[in-house]
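In case you want the letters, here they are:
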Amino acid sequence: MENKGISNAVIKRLPRYHRYLGDLMAQGVERISSQELSARMNVTASQIRQDLNNFGGFGQQGYGYNVAYLYQEIAKILGLDRENSMIIIGCGNFGRALAKYKNFANRGFVTLAMFDVNPEKVGKQESDIPVHHIDELAAFLQNHDVKIAVLTIPREEAVKVAEVLVANGIKAIWNFAHVDLDVPADVVVENVHLSESLMQLSYRIADAAKCRK
């Protein structure tokens, strides 16, 4: 599908639509209107229609949306209709938690390998995923079709590892390291800074407390 300059706000809402539609399918709901979906998601009906119109609309006037069809179409938009192979760099607590998360595989995100420097972890498996030494990263990338690299390592190491990833053809990085990576324009980086998210929550708590006074 041609990219028509879809805003980040719309892109961030697509996984929510997909999740809610999946829940509706599990409940046996076959069709839903934008107003009904709005009530469930706390997003205005007009916003839902505008978001979906970016990709063709999918609804029928007087009928609403076929839940299963819309679920499948949003899955295609999100790239969930194909397998996305991943590697996880960093076999610490957070990296291991990601490796154990079964929902990734259910959505087509298959972790091929993990990488670490700890000799007590290298050569073993974590949730049935082999752990390689970081020195083997470049060779692994040259011999495997890896779509996504996940960084769960200290910021000092993340910059150097990102250079290896880019040099070996990685075009998508899911970055949990507390650093903004300087990569070429054709490399997509999704930064997840957990401390920043927690600080945003802290602000919202403080702001709500002010409003109650």
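As a reminder, the structure under discussion sits directly above these lines.
The shown structure was predicted, so the numbers you read here are calculated from the model rather than taken from an experiment.

**Considerations on the nonpolar core**
A general tendency of soluble globular proteins is for nonpolar side chains to be buried together.
Okay, so step 1: Membership of the largest hydrophobic core comes to 22 residues, with the highest contact counts inside it found for Ile87, Ile89, Leu137, Leu151, Leu165 and Leu181.
Okay, so step 2: Elements that contribute at least two residues to this core include exactly β3 (84-89), β4 (109-116), α7 (137-143), β7 (148-151) and α8 (155-167).
Okay, so step 3: Take this core: its biggest share by element is four residues, from α8.
Okay, so step 4: Counting 18 residues, the second largest nonpolar core, distinct from the first, contains Met41, Ile48, Tyr65 and Ile74.

**As for helix α2 (residues 34-41)**
Okay, so step 1: Among the residues of α2, those classed as buried are Ser34, Leu37, Ser38 and Met41. Along α2, the residues classed as buried sweep out an arc of 105 degrees about the axis, all on the same side.
Okay, so step 2: The elements touched by buried residues of α2 are α1 (8-26), β1 (31-32), α3 (45-53) and β2 (65-66).
Okay, so step 3: Count one or two residues on from α2 and you reach Asn42, which has phi positive near 60 degrees.

**Topic: the sheet that holds β7**
Okay, so step 1: Taken in spatial order, the seven strands of this open sheet run β5-β6-β4-β3-β7-β8-β9, and their pairing is mixed. On the outer flanks of this sheet lie β5 (125-126) and β9 (188-191), each paired with one strand and no other.
Okay, so step 2: Pairing of β5 with strand β6 (residues 129-133), which is carried by two bridges, proceeds in the antiparallel orientation. Counterpart to Glu126 in the pairing with β6 is Ile129.
Okay, so step 3: This element, α8, spans β3, β7 and β8 (172-175) of the sheet and lies at about 170 degrees to β7.

The rules we used
- Residues numbered from 1 in each chain as written.
- Predicted model: local features only at pLDDT ≥ 70, side-chain atom pairs only at ≥ 80, totals over all residues.
- Heavy atoms only, no water.
- Core = buried A, V, L, I, M, F, W, Y, C linked by side-chain atoms within 4.5 Å.
- Buried < 20%, exposed > 50% of the residue type's maximum accessible area, 1.4 Å probe, protein only.
- Helix = DSSP H or I, 4+ residues; strand = E, 2+ residues; numbered from the N terminus.
- Arc of directions from axis to C-beta.
- Contact = heavy atoms within 4.5 Å.
- Pairing = 2+ DSSP bridges.
- Axes fitted to C-alpha atoms, helices over the stretch in contact; angles between N-to-C directions.

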